[in-house]
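An overview of the molecular structure
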Amino acid sequence: MMHLKRQQGQTAVETVLMVPLLLLLFFLIFEIGRTFFSWIIITNSAREGARLAVVEPFTPPEDSINRIRVRASSTAEPLTVAPSACTGSDASCVDVAPPADDPDCTATPCNRIVTVVVRYRLDTLMPISGTIPFLGPFNYPGFVEVVGVSTMRWE
């Protein structure tokens, strides 16, 4: 009977040591899944914006760029992406690089390329920072920037 009591204490100590590691592993798997889900949506919205750019006529450029931004932001529906040009402080935005004005495509290589970049700031559920024993400083930020880029040739 004395042997069983010692094993119960050992099990409790092992449980106390392993639960934080298992919770951290579960949390990181969940965060990676959220990030991957956001990346898929953002990449698809950039692709839809670029597809709209190459299918429709690109005149006048300001109206076309606004339509592309609206299309890309509406495609990323579960996420909130603003249909505006990117600046340094934007959390989410859509950038459009229109094709160069070369109607005969005389330049080599031809510069009739449309690039759509969609940026989204994904806030993490629980930022972690501190020092982990034997590993050193650890900094998991409060957000992750997810970027989707699509480039297509305008025909």
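In what follows, the structure referred to is the one given above.
Notes on the structure in this doc start here.

Each value, and the rule that gives it
Residues numbered from 1 in each chain as written. Predicted model: local features only at pLDDT ≥ 70, side-chain atom pairs only at ≥ 80, totals over all residues. Heavy atoms only, no water. Helix = DSSP H or I, 4+ residues; strand = E, 2+ residues; numbered from the N terminus. Buried < 20%, exposed > 50% of the residue type's maximum accessible area, 1.4 Å probe, protein only. Contact = heavy atoms within 4.5 Å. Areas by Shrake-Rupley, 256 points an atom, 1.4 Å probe, with all protein chains shown as cover. Salt bridge = Lys/Arg side-chain N within 4 Å of Asp/Glu carboxyl O. Disulfide = S-S within 2.5 Å. Phe/Tyr/Trp six-rings, centres within 6.5 Å; stacked < 30°, edge-to-face > 60°. Lys NZ or Arg CZ within 6 Å of the ring centre and 35° of its normal. Expected span 1.5 Å × (residues − 1). Arc of directions from axis to C-beta.

Thoughts on the overall build of the chain
Along the backbone of the chain there are two helices and five strands. Mapped in sequence order, the helices and strands of the chain form the string α-α-β-β-β-β-β. Put simply, the chain has 155 residues, and 29% of those count as buried. Restricting to contacts in the chain with at least 6 residues of sequence separation, those with at least 24 account for 59%. With the model as given, the accessible surface of the chain reaches about 10,400 Å², and the carbon-plus-sulfur share is 64%.

Describing the pattern of salt bridges
Counting across every chain of the model gives four salt bridges. Here arginine 71 makes a salt bridge to glutamate 48, at a shortest N to O gap of 3.0 Å. Residue arginine 71 is found in helix H2 (residues 61–75), and its partner glutamate 48 is found in helix H1 (residues 2–55); the two are separated by 23 residues along the sequence. What makes arginine 71 partly exposed here is its relative accessible area of 34%. Glutamate 48 sits in the partly exposed class, given a relative accessible area of 25%.

What about the environment of threonine 124?
With respect to the helices, strands and loops of the structure, threonine 124 is situated in the loop between strand S2 (113–123) and strand S3 (128–132). On the accessibility criterion, threonine 124 (10% relative accessible area) is buried. The spatial distance from the C-alpha of threonine 124 to the C-alpha of phenylalanine 143 is 5.1 Å, given a sequence separation of 19 residues. Here threonine 124 is in contact with Glu31, Arg34, Tyr140, Pro141, Gly142, Phe143 and Val144, once residues within four sequence places are set aside.

A few points about the state of the cysteines
All told, the structure shown has one disulfide when counted by the stated rule. Sulfur-sulfur distance for the disulfide between cysteine 86 and cysteine 93 comes to 1.9 Å. Here the S-S torsion is close to 100°, and the disulfide linking cysteine 86 with cysteine 93 is therefore right-handed. Taken as a pair, cysteine 86 and cysteine 93 share a single burial class, namely buried.

Re the packing of aromatic side chains
Scanning the entire structure with this criterion turns up one aromatic pair. Positioned above the aromatic ring of phenylalanine 143 is the side chain of arginine 121, whose terminal nitrogen or guanidinium carbon lies 3.8 Å from the ring centre.

Some words on H2
Between its first and last C-alpha atoms H2 spans 21 Å; for 15 residues at 1.5 Å apiece the expected length is 21 Å, and the two agree. Listed as buried for H2 are Ser64, Ile65, Ile68, Arg69, Ala72 and Ser73. Considered in projection along H2, the buried side chains sweep an arc of 160° and stay on one side of the axis.

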